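Residue-level structural notes
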Amino acid sequence: MNYSKNNKLIIKTILLSTILLLIFFLIPELAAARPGGGHSYSGGSNGGGGGDGIAGLVIYLLLSLPPEISIPLIIIIIVFYYLSKRKKSQSNVSVASVPTRQNRSNEFYELQSKIEQLKAADPNFSKMLFLDFVTSAYYKYYSLFSKKEFTNLRPFLSQHIYDNAARIAPNSRTISEIVIGNINIVAVFESSAYMAITVDIDANYTLSMGGRNTRYVLTERWLFNRKKGVLSQGPEKMRDLKCPNCGAASNFSDAGQCDYCDTFIVSGEMQWFVNQINILHQETFSTKGLGHYEQEVGTDYPTIVQPSINNYISRFVSNHQLGDWNSYWASFTDNIASAYFLEIYKAWSDLKWERVRHLISDRLYDSYNFWIAAYKQEGKRNKLENINIQRIDMAAVDVDLYYESFTVRIFASCLDYTETTTGNLVGGSKKNPRVFSEYWTFIRRTGVEKKEEEFSMHNCPNCGAPADKMGQAAVCEYCDTKISNGDFSWVLTRIVQDEEYTG
Amino acid sequence: MKRFNENFRTRLYDTIKDIESNSIVEIIVLIKPQSGRYRDIPVWAGAIFAFIIYTFFMFSPIHFDVYLIYAFTVLSFPLVYTLFKAIPNIESKFVSRKRKERNVEINARASFQKGGIRFTSERIGILFYCSILEKKVCILPDRGAKNAVPAEDWEKINANFQTIFLNSDLPNAFLEQLAKCKNIFSEFIPPVENDINELPDNMDVDL
């Protein structure tokens, strides 16, 4: 009997030891699949599923061993598990030379100061119009790539950019479906002869080459130069690339001579021109990530407030002869910021982006329209329900010769989830509200005096007809007027997540 | 890695900005806790210890029960394996210098490649890759930067960076050496007008 009992114990011990050895050899391999590999949790849980069976067997065997063996074994297993977990989390930590919040804040103040200096030297400078100019330049540069009309860009490109594009063009590469997501001014500086503005452009486009199409998502850094002392052009010459001399639609010879006024336009003499193009980031576009939710970051960050905000508020109050800034601000937050926020996110949730066409700028419309199309293509929709605006902070005010802009930080919570068209939850939660904040920038043409209380979300701000026939270009079919430039009312032009906002 | 805190990262960014405002170089710094995994070391240690225990039991003049011999031999493996996992940096003591240096260089070169540091028009990107466990800083200049600075100066920079591990205040020592590069870069790779950063400011490379 004793012999048979010993035999059983030995068999159990051998079995347990083999399993333990297997686990100890296997665990590092399992761990190796995770760090830095970007593998999804589903891969990990599959591995864990197999481990449950082994764990059950180990527990069974441990319990059937004498306590003087099983207790130390259990302790060792626990210690090992704890250490391997700790080591795994530690091994992922690394430090890179990326800007911290402090660095970003310093750069923000530095940039604001440079923009103020630029405005002092060039009172016509309008940030909004400059961004419109950048948008036009970007669209035209890529859409006219490899076409003979590329010569029309000659005055707006430096010699080497122009030559380089001409050199690449014969490869029959065409670029289409250009969508600009965001444009940020990242630096303003001056050299001995030129003023310089560097912008980062987030965009995506389709590259056709050899009969194949590839959609790319990119971040590009463009350097714009202009001779010192040159003043900015007005809206009609900044919103589109036009002859800086006569204002005719750009139609230039290879040497940069305008077909209408015969003037040779030298790059930088009257208008900004592109002097450098760098691709900072490029990857092929994929819809696989739609519905994936990251943990919300940045909601607790302090609001980044423009250093000279009080000066601009005073200027705004003076321009509009407002008696009291606080009551205006209350009206703006209620009738514009909150109302737009709710209306725009409702349209986003319903995948009816055209419903708010008259409320948003062309660039923002195209950018979000692209994502709505991507959701539709994947048979998904991102729903935002029970939106509750908690607070609205003022972040920046800009007033120039042509435009006024308000940037506000909106704190809100809502049920944010993504589901398929059949109602299956893909990501997010239908029960737990997500708390977040975003910076929204509204623009309006300087001189518009329409009161915020009189503004209707569902009517054309020019003719008052229902805003149901705006089309893609935001031209009201009733009054045949373009609405999305901010010429008649506030238009939302930019949405930036709190952790990414740099002013 | 706790020593490389927010304050250090702020100063690191400022130091790089200062260098870059006096030169056209584009500097990327990556500080990694380790470049190799060395998982084989605890396994080898456990196996050797198990073998020693087994040998002891087998040839000891004292009589042990068979079950005890088996159990202790088997248990000694996870025990030593766990010990090696528990004591920080012990694995590296059993790894040859050559192997450590190779791991650092492989990871640095892979980071240079994956981070696209070569994508500057003048080829002036420089990667400072610091691996704490291996106590090694690998400096990888792109072709333009490498050719612009005399080899002797590169050697000097390299040698200076290896001394930081002798300093108890490693983060400060690192920043000090980085700041010293300013004069060399400014002399041999001076700034030019209209120079913009061609590499992203937020570059972090995970292999």
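Calculation rules
- Residues numbered from 1 in each chain as written.
- Chains lettered and ligands numbered in written order.
- Predicted model: local features only at pLDDT ≥ 70, side-chain atom pairs only at ≥ 80, totals over all residues.
- Helix = DSSP H or I, 4+ residues; strand = E, 2+ residues; numbered from the N terminus.
- Buried ≥ 20, exposed ≤ 12 C-beta atoms within 10 Å, placed from the backbone.
- Contact = placed C-beta atoms within 7 Å.
- Rg over C-alpha atoms; globule rule 2.2 N^0.38 Å.
- Nonpolar A, V, L, I, M, F, W, Y, C, P; charged D, E, K, R; others polar.
- Domains from an automatic or database assignment.
- Pairing = 2+ DSSP bridges.
- Axes fitted to C-alpha atoms, helices over the stretch in contact; angles between N-to-C directions.
- Parallel < 35°, antiparallel > 145°, perpendicular 65-115°, else oblique.
- Left-handed = near helix turned anticlockwise from the far one by under 90°.
- Expected span 1.5 Å × (residues − 1).
- pLDDT = per-residue confidence, 0-100.

Points about the overall build of chain A
Looking only at helices and strands, chain A has 10 helices and 12 strands in total. Among the 503 residues that make up chain A, the fraction classed as buried is 28%. Taking the contacts inside chain A whose residues are at least 6 apart along the sequence as the reference set, 68% of them involve residues at least 24 apart.

With respect to the overall build of chain B
In terms of regular secondary structure, chain B is built from 8 helices and 3 strands. Secondary structure elements in chain B, listed N-terminal to C-terminal, are α-β-α-α-α-α-β-β-α-α-α. A globule of 207 residues ought to have a C-alpha radius of gyration of about 17 Å, yet chain B, at 23 Å, is considerably larger. Taking the principal axes of its C-alpha atoms as reference, chain B extends roughly 85 × 30 × 30 Å. The proportion of buried residues among the 207 residues of chain B is 37%. For chain B, the proportion of contacts with a sequence separation of at least 24, taken over those separated by at least 6, is 70%.

What about the interface of chain A and chain B?
Contacts between chain A and chain B engage 42 residues on the former and 40 residues on the latter. Looking at the side of chain A that touches chain B element by element, the count peaks at 9 residues for helix α3 (residues 67-91) of chain A. In the side of chain A that touches chain B, the residues fall into 21 nonpolar, 19 polar and 2 charged.

A closer look at the domain arrangement of chain A
Residues and elements named next belong to chain A. According to the domain assignment, chain A contains domain 1 (2-91), domain 2 (102-284) and domain 3 (309-497). For domain 2 versus domain 3, the separation of C-alpha centres amounts to 27 Å. Contacts between the two partners involve 13 residues from domain 2, matched on the other side by 11 residues from domain 3. Taken together, the elements giving at least two residues each to the side of domain 2 that touches domain 3 come down to α5 (127-143) and β2 (174-190). Here the side of domain 2 that touches domain 3 takes 4 residues from α5, the largest share from any one element. For the side of domain 2 that touches domain 3, the class distribution of residues is 7 nonpolar, 5 polar and 1 charged.

Things to note about the domain arrangement of chain B
Looking at chain B, the domain boundaries give domain 1 (6-35 + 107-188) and domain 2 (40-93). Spacing between the C-alpha centres of domain 1 of chain B and domain 2 of chain B amounts to 43 Å.

A few points about the sheet that holds strand β1 (residues 26-32) of chain B
Reading across the sheet, the 4 strands line up as β1(A)-β1(B)-β2(B)-β3(B) and stay open at both edges, with mixed pairing between neighbours. On the outer flanks of this sheet lie β1 (95-96) of chain A together with β3 (136-141) of chain B, each paired with one strand and no other. Where strand β2 (residues 125-131) of chain B lies against β3(B), 6 bridges are found, and the strand directions are antiparallel. Of the residues in β3(B), the one forming a bridge with C130(B) is V137(B). Against the sheet, helix α1 (residues 6-21) of chain B contacts β1 of chain A together with β1 of chain B, and its axis sits at roughly 155° relative to β1(B). In the packing of helix α5 (residues 97-114) of chain B onto the sheet, contacts are made with β1, β2 and β3 of chain B, and the angle to β3(B) comes to roughly 35°.

Focus on unusual backbone geometry
Comment: phi is negative for the bulk of residues other than glycine, and the bulk of peptide bonds are trans. Residue and element names in this part refer to chain A. Of note in this structure, D262 is not a glycine but carries a positive phi near 60°. Examined against the element boundaries, D262 turns out to sit in the loop between α7 (235-238) and β5 (273-284). Located in the positive-phi region is Q321, a residue other than glycine, with phi close to 50°.

Quick word on the environment of W44(B)
Residues and elements named next belong to chain B. In this fold, W44 is placed in helix α2 (residues 40-59). Overall, W44 belongs to the partly exposed group, with 14 C-beta atoms counted inside 10 Å. As for W44 and V80, which are separated by 36 residues in sequence, their C-alpha atoms are 9.6 Å apart.

Some thoughts on the sheet that holds strand β3 (residues 194-209) of chain A
Residues and elements named next belong to chain A. Pairing is antiparallel across the open sheet formed by 4 strands, whose spatial order is β2-β3-β4-β5. Each edge of the sheet is formed by a strand with only one pairing partner; in this case those strands are β2 and β5. Sheet twist, expressed as the mean angle between neighbouring strand axes with direction ignored, is 20°. Inspection of the sheet shows strand β4 (residues 212-227) paired to β5 by 10 bridges, in the antiparallel sense.

Here's the deal with the packing of α2(B) against helix α3 (residues 66-86) of chain B
Residues and elements named next belong to chain B. Contact geometry for α2 and α3: axes closest at 8 Å, N-to-C directions at 150°. When the interaxial angle is binned, α2 and α3 end up roughly antiparallel. Of the two possible hands of crossing, α2 and α3 adopt the one that is right-handed. Between α2 and α3, the residues in contact are I41, P42, V43, A45, G46, A47, F49, A50, I53, Y54 and F57 and I69, F72, T73, S76, F77, P78, V80, Y81, F84 and K85, respectively.

Remarks on helix α10 (residues 362-378) of chain A
Residue and element names in this part refer to chain A. Helix length check: α10 (17 residues) gives 24 Å between terminal C-alpha atoms against 24 Å at 1.5 Å per residue, within 8%. All of the buried residues in α10 are D362, R363, L364, Y365 and S367. Packing partners of the buried residues in α10 comprise α5, β2 and β12 (491-497). Once α10 finishes, G379 follows within two positions and takes phi at roughly 70°, a positive value.

Topic: the environment of P99(A)
Residues and elements named next belong to chain A. Mapped onto the secondary structure, P99 falls in the loop between β1 and α4 (101-121). The buried category is assigned to P99, around which 20 C-beta atoms lie within 10 Å. Linking P99 and S349, residues 250 residues apart in sequence, is a C-alpha distance of 34 Å.

Quick notes on the pairing of strand β6 (residues 380-399) of chain A
With 16 bridges connecting them, β6(A) and strand β7 (residues 403-420) of chain A associate as antiparallel partners. Paired with K383(A) across the bridge in β7(A) is Y417(A).

A short note on the packing of α1(B) against helix α8 (residues 170-188) of chain B
Residues and elements named next belong to chain B. Between α1 and α8, whose axes approach to 9 Å, the crossing angle comes to 10°. By the angle between their axes, α1 is roughly parallel relative to α8. Note on element contacts: α8 touches α1 through P171, L175, L178, A179, C181, K182 and F185, opposite F8, R11, L12, T15, D18 and I19. Its residues assigned to classes, the contact of α1 with α8 shows 9 nonpolar, 1 polar and 3 charged.

Re α3(B)
A rise of 1.5 Å per residue sets the reference length of α3(B), with its 21 residues, at 30 Å; its end C-alpha atoms lie 30 Å apart and thus fit the reference within 8%. Restricting attention to buried positions, one finds in α3(B) the residues A71(B), T73(B), V74(B), S76(B), F77(B), P78(B), V80(B), Y81(B), T82(B), F84(B) and K85(B).

Details of the confidence of the model for chain B
The predicted coordinates should not be examined in detail at positions where pLDDT is low. Residue and element names in this part refer to chain B. Residues at a pLDDT of 70 or more form 100% of chain B, whose mean pLDDT is 91. Taken element by element, the predicted model of chain B shows its lowest mean pLDDT in helix α4 (residues 90-93) (83) and its highest in β3 (96). If you check the scores for this complex, the pTM reads 0.79 and the ipTM reads 0.85.

With respect to the environment of V356(A)
Residues and elements named next belong to chain A. The residue V356 is located in the loop between α9 (325-349) and α10 in this model. Each C-alpha atom, one on V356 and one on H458, is 8.4 Å from the other, the two residues being 102 residues apart in sequence. Excluding residues within four positions of it along the chain, V356 makes contact with E343, I344 and A347.

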